[in-house]
Amino acid sequence: CWIMRGIILVNLGTPASNEKVDVKNFIAEMLSDPLLTDKSRWLSKFLATRIIAPQAAARSSAKYKLIWRNEEPFISPIIYNMTKLAEAIESKNDMAVSIAMRYGMPDIRSAFKELNQKCPLLHEVIIFPLYPHYAQSTTQTTIKEIGDVFYRHPHSFRLKFAEPYFNHPEYINALAESAKPYINDIDKLIFVYHSLPNRQQEAAWKKGKEFDYVYQIKETNRLICDKLNIKPNDALLFFSSQRDENWLKPFLDQSIGKLPELGWKKVAIMSPGFPSDNMETLFDIDIEARKLFMDAGGEKFSFIPSLNYNEEWVDAIWNIIEKM
(Lines give C-alpha, C1' and ligand atoms only; values in the text may rest on other atoms or scores of the structure.)
Protein backbone atom coordinates (compact mmCIF):
# COMPACT_ATOMS: atom_id res chain seq x y z
CA CYS A 1 0.00 0.00 0.00
CA TRP A 2 2.04 2.91 -1.29
CA ILE A 3 -0.68 5.50 -0.90
CA MET A 4 -1.66 5.72 2.77
CA ARG A 5 -5.31 6.35 1.98
CA GLY A 6 -8.07 3.82 1.67
CA ILE A 7 -11.58 3.87 0.24
CA ILE A 8 -14.77 2.26 1.47
CA LEU A 9 -17.49 1.98 -1.16
CA VAL A 10 -20.72 1.83 0.80
CA ASN A 11 -24.22 0.90 -0.28
CA LEU A 12 -27.52 0.32 1.47
CA GLY A 13 -27.46 -3.47 1.53
CA THR A 14 -28.54 -6.85 0.25
CA PRO A 15 -29.69 -10.17 1.74
CA ALA A 16 -27.03 -12.79 2.47
CA SER A 17 -28.83 -15.09 0.03
CA ASN A 18 -32.06 -15.16 -1.97
CA GLU A 19 -33.65 -17.62 0.44
CA LYS A 20 -36.68 -16.56 2.45
CA VAL A 21 -34.99 -16.58 5.88
CA ASP A 22 -32.13 -14.33 4.76
CA VAL A 23 -34.47 -11.98 2.91
CA LYS A 24 -36.66 -11.74 6.02
CA ASN A 25 -33.66 -10.91 8.21
CA PHE A 26 -32.48 -8.26 5.78
CA ILE A 27 -35.87 -6.55 5.55
CA ALA A 28 -36.24 -6.67 9.34
CA GLU A 29 -32.83 -5.07 9.92
CA MET A 30 -33.38 -2.35 7.34
CA LEU A 31 -36.89 -1.38 8.38
CA SER A 32 -35.96 -1.34 12.07
CA ASP A 33 -34.00 1.85 11.37
CA PRO A 34 -35.99 4.90 12.58
CA LEU A 35 -34.25 7.07 9.97
CA LEU A 36 -36.03 5.02 7.31
CA THR A 37 -39.40 4.81 9.01
CA ASP A 38 -39.68 8.14 10.89
CA LYS A 39 -41.02 6.14 13.82
CA SER A 40 -39.48 5.46 17.22
CA ARG A 41 -36.82 2.76 17.37
CA TRP A 42 -38.97 0.29 19.35
CA LEU A 43 -41.99 0.75 17.08
CA SER A 44 -39.86 0.49 13.93
CA LYS A 45 -38.33 -2.74 15.18
CA PHE A 46 -41.67 -4.20 16.26
CA LEU A 47 -43.35 -3.47 12.93
CA ALA A 48 -40.35 -4.64 10.91
CA THR A 49 -39.68 -7.90 12.73
CA ARG A 50 -43.21 -8.98 13.65
CA ILE A 51 -45.32 -7.74 10.74
CA ILE A 52 -43.56 -6.36 7.62
CA ALA A 53 -40.62 -8.76 7.20
CA PRO A 54 -42.61 -12.00 7.78
CA GLN A 55 -45.27 -10.85 5.30
CA ALA A 56 -42.86 -9.59 2.63
CA ALA A 57 -40.16 -12.26 2.80
CA ALA A 58 -41.66 -14.86 0.43
CA ARG A 59 -42.62 -12.30 -2.22
CA SER A 60 -39.24 -10.54 -2.05
CA SER A 61 -37.34 -13.84 -2.06
CA ALA A 62 -39.07 -14.80 -5.32
CA LYS A 63 -37.97 -11.50 -6.85
CA TYR A 64 -34.38 -11.91 -5.67
CA LYS A 65 -34.26 -15.38 -7.23
CA LEU A 66 -35.03 -13.80 -10.62
CA ILE A 67 -32.06 -11.41 -10.44
CA TRP A 68 -29.49 -13.39 -8.41
CA ARG A 69 -26.27 -14.33 -10.14
CA ASN A 70 -26.57 -18.07 -10.77
CA GLU A 71 -23.04 -18.60 -12.05
CA GLU A 72 -20.06 -18.56 -9.70
CA PRO A 73 -19.78 -16.69 -7.47
CA PHE A 74 -23.37 -17.29 -6.33
CA ILE A 75 -23.95 -13.83 -4.86
CA SER A 76 -26.28 -10.89 -5.20
CA PRO A 77 -25.69 -8.60 -8.18
CA ILE A 78 -24.99 -5.62 -5.95
CA ILE A 79 -22.19 -7.47 -4.12
CA TYR A 80 -20.80 -8.74 -7.41
CA ASN A 81 -20.79 -5.32 -9.06
CA MET A 82 -19.37 -3.51 -6.02
CA THR A 83 -16.59 -6.10 -5.66
CA LYS A 84 -15.66 -5.68 -9.32
CA LEU A 85 -15.73 -1.89 -8.90
CA ALA A 86 -13.46 -2.05 -5.83
CA GLU A 87 -11.01 -4.29 -7.68
CA ALA A 88 -10.95 -1.95 -10.68
CA ILE A 89 -10.28 1.15 -8.56
CA GLU A 90 -7.64 -0.68 -6.54
CA SER A 91 -5.74 -2.03 -9.54
CA LYS A 92 -5.84 1.29 -11.38
CA ASN A 93 -4.67 3.53 -8.55
CA ASP A 94 -2.81 1.34 -6.06
CA MET A 95 -5.13 2.32 -3.23
CA ALA A 96 -6.73 -0.09 -0.78
CA VAL A 97 -10.48 -0.39 -1.38
CA SER A 98 -13.14 -2.34 0.52
CA ILE A 99 -16.93 -2.50 0.28
CA ALA A 100 -19.55 -2.17 3.00
CA MET A 101 -23.31 -2.27 3.46
CA ARG A 102 -25.40 -0.18 5.79
CA TYR A 103 -27.59 -3.25 6.37
CA GLY A 104 -26.36 -6.81 6.04
CA MET A 105 -22.86 -7.97 5.17
CA PRO A 106 -20.11 -7.02 4.65
CA ASP A 107 -20.76 -4.47 7.40
CA ILE A 108 -18.89 -1.28 8.21
CA ARG A 109 -16.68 -2.84 10.86
CA SER A 110 -15.48 -5.61 8.54
CA ALA A 111 -14.70 -3.03 5.84
CA PHE A 112 -12.49 -1.10 8.27
CA LYS A 113 -10.78 -4.35 9.24
CA GLU A 114 -10.14 -5.34 5.62
CA LEU A 115 -8.60 -1.95 4.83
CA ASN A 116 -6.29 -2.19 7.84
CA GLN A 117 -5.13 -5.63 6.71
CA LYS A 118 -4.42 -4.34 3.21
CA CYS A 119 -2.69 -1.21 4.43
CA PRO A 120 -1.59 -1.22 8.12
CA LEU A 121 -0.20 2.32 7.84
CA LEU A 122 -3.48 3.94 6.77
CA HIS A 123 -3.81 7.58 7.78
CA GLU A 124 -7.08 8.43 6.01
CA VAL A 125 -10.15 6.48 4.89
CA ILE A 126 -12.50 8.01 2.35
CA ILE A 127 -16.14 6.96 2.59
CA PHE A 128 -17.68 6.96 -0.89
CA PRO A 129 -21.44 6.28 -0.75
CA LEU A 130 -22.96 4.75 -3.85
CA TYR A 131 -25.88 7.14 -3.57
CA PRO A 132 -25.18 10.34 -5.51
CA HIS A 133 -28.16 12.23 -4.02
CA TYR A 134 -28.66 13.13 -0.37
CA ALA A 135 -31.49 11.47 1.52
CA GLN A 136 -32.21 10.80 5.16
CA SER A 137 -32.81 7.13 4.38
CA THR A 138 -29.46 6.64 2.62
CA THR A 139 -26.82 9.29 3.26
CA GLN A 140 -27.82 10.32 6.77
CA THR A 141 -28.27 6.83 8.19
CA THR A 142 -24.99 5.67 6.61
CA ILE A 143 -23.01 8.59 8.05
CA LYS A 144 -24.51 7.94 11.47
CA GLU A 145 -23.76 4.22 11.40
CA ILE A 146 -20.18 4.73 10.21
CA GLY A 147 -19.60 7.31 12.93
CA ASP A 148 -21.01 5.00 15.58
CA VAL A 149 -18.82 2.08 14.45
CA PHE A 150 -15.72 4.25 14.05
CA TYR A 151 -15.86 5.76 17.54
CA ARG A 152 -16.83 2.49 19.22
CA HIS A 153 -13.42 0.99 18.37
CA PRO A 154 -10.11 2.92 18.33
CA HIS A 155 -8.65 3.60 14.87
CA SER A 156 -5.43 5.33 13.94
CA PHE A 157 -6.78 6.85 10.75
CA ARG A 158 -9.19 9.70 10.12
CA LEU A 159 -12.39 9.61 8.08
CA LYS A 160 -13.41 11.77 5.16
CA PHE A 161 -16.87 11.57 3.56
CA ALA A 162 -17.49 12.22 -0.13
CA GLU A 163 -20.20 14.83 -0.57
CA PRO A 164 -23.24 14.06 -2.75
CA TYR A 165 -21.98 14.19 -6.33
CA PHE A 166 -25.32 14.51 -8.14
CA ASN A 167 -24.01 17.34 -10.34
CA HIS A 168 -20.34 16.40 -10.57
CA PRO A 169 -19.16 16.58 -14.22
CA GLU A 170 -17.37 13.21 -13.96
CA TYR A 171 -20.50 11.45 -12.68
CA ILE A 172 -22.69 13.10 -15.32
CA ASN A 173 -20.23 12.18 -18.06
CA ALA A 174 -20.15 8.53 -16.93
CA LEU A 175 -23.96 8.37 -16.99
CA ALA A 176 -24.21 10.06 -20.40
CA GLU A 177 -21.61 7.75 -21.92
CA SER A 178 -23.41 4.70 -20.53
CA ALA A 179 -26.71 5.89 -22.03
CA LYS A 180 -25.48 6.72 -25.54
CA PRO A 181 -25.80 3.23 -27.04
CA TYR A 182 -29.45 2.98 -25.94
CA ILE A 183 -31.02 6.30 -26.98
CA ASN A 184 -31.24 6.00 -30.76
CA ASP A 185 -34.75 5.80 -32.15
CA ILE A 186 -36.70 6.41 -28.92
CA ASP A 187 -39.71 8.55 -28.10
CA LYS A 188 -38.76 9.24 -24.48
CA LEU A 189 -35.81 8.90 -22.13
CA ILE A 190 -37.16 7.89 -18.72
CA PHE A 191 -35.39 8.56 -15.44
CA VAL A 192 -36.40 6.40 -12.48
CA TYR A 193 -35.47 7.09 -8.86
CA HIS A 194 -36.34 5.45 -5.56
CA SER A 195 -39.37 7.18 -4.08
CA LEU A 196 -39.32 8.77 -0.61
CA PRO A 197 -42.05 9.62 1.90
CA ASN A 198 -43.44 13.09 1.20
CA ARG A 199 -42.83 14.09 4.82
CA GLN A 200 -39.09 13.32 4.49
CA GLN A 201 -38.83 15.30 1.27
CA GLU A 202 -40.69 18.24 2.80
CA ALA A 203 -38.30 18.31 5.78
CA ALA A 204 -35.28 18.08 3.46
CA TRP A 205 -36.54 20.86 1.19
CA LYS A 206 -36.78 23.20 4.18
CA LYS A 207 -33.12 22.57 5.05
CA GLY A 208 -31.80 23.67 1.64
CA LYS A 209 -30.53 22.34 -1.69
CA GLU A 210 -27.72 20.28 -0.16
CA PHE A 211 -30.41 18.12 1.50
CA ASP A 212 -33.15 18.41 -1.16
CA TYR A 213 -33.49 15.04 -2.90
CA VAL A 214 -35.95 16.20 -5.56
CA TYR A 215 -33.86 19.25 -6.48
CA GLN A 216 -30.77 17.07 -6.78
CA ILE A 217 -32.32 14.36 -8.96
CA LYS A 218 -33.86 16.96 -11.27
CA GLU A 219 -30.47 18.64 -11.60
CA THR A 220 -28.90 15.28 -12.49
CA ASN A 221 -31.58 14.74 -15.15
CA ARG A 222 -31.08 18.23 -16.59
CA LEU A 223 -27.33 17.80 -16.86
CA ILE A 224 -27.63 14.37 -18.49
CA CYS A 225 -30.12 15.69 -21.03
CA ASP A 226 -27.82 18.62 -21.80
CA LYS A 227 -24.91 16.22 -22.33
CA LEU A 228 -26.98 13.99 -24.61
CA ASN A 229 -28.69 16.86 -26.46
CA ILE A 230 -32.10 15.63 -25.36
CA LYS A 231 -34.86 18.22 -25.04
CA PRO A 232 -36.46 18.46 -21.57
CA ASN A 233 -39.86 17.55 -23.05
CA ASP A 234 -38.38 14.29 -24.35
CA ALA A 235 -37.54 13.06 -20.84
CA LEU A 236 -39.81 11.78 -18.08
CA LEU A 237 -39.30 11.27 -14.34
CA PHE A 238 -40.86 8.37 -12.41
CA PHE A 239 -40.40 7.01 -8.88
CA SER A 240 -40.30 3.38 -7.79
CA SER A 241 -40.36 1.23 -4.64
CA GLN A 242 -43.01 3.30 -2.87
CA ARG A 243 -44.66 1.79 0.21
CA ASP A 244 -47.85 3.83 0.19
CA GLU A 245 -49.62 6.66 -1.63
CA ASN A 246 -47.95 9.37 0.44
CA TRP A 247 -44.63 8.94 -1.33
CA LEU A 248 -43.08 10.92 -4.19
CA LYS A 249 -44.99 10.48 -7.47
CA PRO A 250 -45.57 9.64 -10.30
CA PHE A 251 -45.07 5.94 -9.59
CA LEU A 252 -43.31 3.87 -12.24
CA ASP A 253 -45.58 0.83 -11.92
CA GLN A 254 -48.73 2.94 -12.25
CA SER A 255 -47.47 5.14 -15.11
CA ILE A 256 -45.27 3.12 -17.47
CA GLY A 257 -48.22 1.23 -19.00
CA LYS A 258 -49.97 4.48 -19.94
CA LEU A 259 -47.23 5.67 -22.30
CA PRO A 260 -48.02 3.61 -25.42
CA GLU A 261 -51.57 4.99 -25.62
CA LEU A 262 -50.03 8.48 -25.61
CA GLY A 263 -47.99 7.52 -28.67
CA TRP A 264 -44.72 6.92 -26.81
CA LYS A 265 -44.01 3.32 -27.77
CA LYS A 266 -40.21 3.36 -27.77
CA VAL A 267 -38.41 4.23 -24.54
CA ALA A 268 -35.01 3.99 -22.92
CA ILE A 269 -34.97 3.88 -19.14
CA MET A 270 -32.17 4.55 -16.66
CA SER A 271 -31.82 4.95 -12.90
CA PRO A 272 -28.99 7.41 -12.08
CA GLY A 273 -29.61 7.12 -8.33
CA PHE A 274 -28.34 3.52 -8.38
CA PRO A 275 -24.70 3.31 -9.53
CA SER A 276 -24.88 -0.47 -8.89
CA ASP A 277 -27.59 -2.66 -10.36
CA ASN A 278 -29.89 -4.16 -7.73
CA MET A 279 -33.49 -5.16 -7.09
CA GLU A 280 -34.79 -1.71 -8.04
CA THR A 281 -33.15 -1.80 -11.48
CA LEU A 282 -32.98 -5.47 -12.41
CA PHE A 283 -36.48 -6.40 -11.23
CA ASP A 284 -38.56 -3.22 -10.85
CA ILE A 285 -37.38 -1.81 -14.18
CA ASP A 286 -35.96 -4.52 -16.41
CA ILE A 287 -38.56 -7.18 -15.53
CA GLU A 288 -41.71 -5.59 -14.07
CA ALA A 289 -41.78 -2.20 -15.86
CA ARG A 290 -40.72 -3.84 -19.13
CA LYS A 291 -43.66 -6.25 -18.96
CA LEU A 292 -46.15 -3.50 -18.05
CA PHE A 293 -44.94 -1.37 -20.96
CA MET A 294 -44.80 -4.09 -23.60
CA ASP A 295 -48.15 -5.59 -22.56
CA ALA A 296 -49.70 -2.14 -23.00
CA GLY A 297 -48.58 -1.95 -26.62
CA GLY A 298 -45.00 -0.76 -26.29
CA GLU A 299 -42.63 -1.59 -29.13
CA LYS A 300 -39.15 -0.95 -27.72
CA PHE A 301 -37.96 -0.96 -24.11
CA SER A 302 -34.24 -0.29 -23.71
CA PHE A 303 -32.98 -0.87 -20.19
CA ILE A 304 -29.80 1.12 -19.54
CA PRO A 305 -27.70 -0.78 -16.97
CA SER A 306 -26.28 1.00 -13.96
CA LEU A 307 -22.69 2.23 -14.06
CA ASN A 308 -21.56 -0.83 -12.07
CA TYR A 309 -17.82 -1.07 -12.75
CA ASN A 310 -17.48 0.42 -16.23
CA GLU A 311 -14.31 2.33 -17.02
CA GLU A 312 -15.85 5.80 -17.07
CA TRP A 313 -17.28 5.22 -13.60
CA VAL A 314 -13.98 3.96 -12.22
CA ASP A 315 -12.27 7.09 -13.58
CA ALA A 316 -15.06 9.30 -12.25
CA ILE A 317 -14.79 7.96 -8.70
CA TRP A 318 -11.04 8.39 -8.73
CA ASN A 319 -11.28 11.97 -10.03
CA ILE A 320 -13.93 12.88 -7.45
CA ILE A 321 -11.83 11.44 -4.63
CA GLU A 322 -8.55 12.89 -5.86
CA LYS A 323 -9.89 16.42 -5.45
CA MET A 324 -11.18 15.88 -1.90
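Rules behind the numbers
Residues numbered from 1 in each chain as written. Predicted model: local features only at pLDDT ≥ 70, side-chain atom pairs only at ≥ 80, totals over all residues. Heavy atoms only, no water. Salt bridge = Lys/Arg side-chain N within 4 Å of Asp/Glu carboxyl O. Helix = DSSP H or I, 4+ residues; strand = E, 2+ residues; numbered from the N terminus. Buried < 20%, exposed > 50% of the residue type's maximum accessible area, 1.4 Å probe, protein only. Polar contact = N/O pair within 3.5 Å; in protein donor to acceptor, adjacent residues only side chain to side chain. Contact = heavy atoms within 4.5 Å. Pairing = 2+ DSSP bridges. Axes fitted to C-alpha atoms, helices over the stretch in contact; angles between N-to-C directions.

Colleague: Any chance you could break down the pattern of salt bridges for me, citing the residues and the numbers?
Modeller: Under the counting rule described, the total for this entry stands at 20 salt bridges. If you follow the salt bridges from partner to partner, you end up with Arg5, Glu124, Arg158 and Lys160 in one network.

Colleague: Describe in detail the side chain of Ser178, supporting the description with residues and values.
Modeller: Here Ser178 lies in helix H7 (residues 169-179). Judged by its relative accessible area of 14%, Ser178 falls in the buried class. At 2.7 Å, the side chain of Ser178 and the backbone oxygen of Leu175 are in polar contact. If we ignore the near neighbours within four places in the chain, the residues touching Ser178 are Met270, Ile304, Leu307 and Asn310.

Colleague: Can you explain the pairing of strand E1 (residues 5-13)? Please cite residues and give values.
Modeller: Across the nine residues that make up E1, a large majority, nine, are buried. Pairing of E1 with strand E3 (residues 124-129), which is carried by six bridges, proceeds in the parallel orientation. Within E3, the position partnered with Leu9 by the bridge is Phe128. Two elements, E1 and strand E2 (residues 96-103), share seven bridges in a ladder whose sense is parallel. Each residue of the ladder has a partner; that of Leu9, found in E2, is Ile99.

Colleague: Please set out the sheet that holds strand E4 (residues 158-161) residue by residue, giving values where relevant.
Modeller: Consider a sheet: its strands pair through backbone hydrogen bonds, and that pairing is either parallel or antiparallel. As summarised here, the arrangement of the four strands in space is E2-E1-E3-E4, forming an open sheet in which the pairing is parallel. The sheet is open, and its two borders are formed by E2 and E4, each paired with just one other strand. Recorded for the sheet is a direction-independent mean angle of 30 degrees between the axes of neighbouring strands. Each of E1 and E2 touches helix H1 (residues 20-30); the most contacted strand, E2, lies at about 80 degrees to it. Packing of helix H12 (residues 311-322) onto the sheet brings it into contact with E1 and E3, and relative to E3 it is tilted by some 130 degrees.

Colleague: Describe in detail the side chain of Thr37, supporting the description with residues and values.
Modeller: Tracing the chain through its elements places Thr37 in helix H2 (residues 34-37). Not counting residues up to four positions away in its chain, the partners in contact with Thr37 are Leu31, Ser44 and Arg199.

Colleague: Quick one: what's the story with the pairing of strand E6 (residues 235-240), residue by residue and with numbers?
Modeller: Burial within E6 is extensive, with six of its six residues counted as buried. Here E6 shows no split at all, with Ala235, Leu237 and Phe239 on one side and Leu236, Phe238 and Ser240 on the other all buried. With six bridges joining them, strand E5 (residues 188-194) and E6 adopt parallel strand pairing. From the neighbouring strand, Phe191 faces E6, where its bridge partner is Leu237.

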